[in-house]
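A closer look at the structure
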Amino acid sequence: MAMVKVKLFANLREIAGESAIMLSGDTVQEVLFSLTDRYPALKEMVFERTGDEPKLRGYINVFLNGNNVKHMESLATEVKDRDELGVFPPVSGG
């Protein structure tokens, strides 16, 4: 399994109480499951409740090394050691 640095932003960071954490997994989905296992309060913020297949909420953006996973293989995107995963909730302001 790869060790991936996960960076959390805005209210996700506030809930977790930290801005970055090292987690393991072979895919984006596995890393995000490690995140929500460690911080259960993030589960409903990150994933929708739909059938058997996990699905990112539409407003959550996940970037792997600066690239949006929605333009890759989404949750099935493979990760490698020392990759960085950024998890962004919706942000508003003016």
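Each value, and the rule that gives it
- Residues numbered from 1 in each chain as written.
- Predicted model: local features only at pLDDT ≥ 70, side-chain atom pairs only at ≥ 80, totals over all residues.
- Heavy atoms only, no water.
- Pairing = 2+ DSSP bridges.
- Helix = DSSP H or I, 4+ residues; strand = E, 2+ residues; numbered from the N terminus.
- Buried < 20%, exposed > 50% of the residue type's maximum accessible area, 1.4 Å probe, protein only.
- Arc of directions from axis to C-beta.
- Phe/Tyr/Trp six-rings, centres within 6.5 Å; stacked < 30°, edge-to-face > 60°.

Pairing geometry for strand β1 (residues 2-8) and strand β7 (residues 84-88), over four bridges, is parallel. Bridge pairing in β7 links V6 to L85. Taken together, the four bridges between strand β5 (residues 61-64) and β7 define a ladder with antiparallel strand orientation. By the bridge assignment, N61 is partnered in β7 with F88.

Bringing helix α2 (residues 28-38) into the picture now. Every buried residue of α2 is accounted for by V28, V31, L32, L35 and T36. An end-on view of α2 places all buried positions within 135° of arc, on one side of the element.

The final tally for this structure, using the stated rule, is three aromatic pairs. Aromatic pair F33 and F47: ring centres 5.4 Å apart, planes at 55°, arrangement tilted. With a gap of 14 residues between them, F33 in helix α2 and F47 in strand β3 (residues 47-48) connect regions that are remote in the sequence. Note on F33: relative accessible area 32%, which makes it partly exposed. Overall, the relative accessible area of 6% leaves F47 in the buried class. Here the aromatic rings of F63 and F88 are separated by 5.5 Å at their centres, their planes lie at 90°, and the arrangement is edge-to-face.

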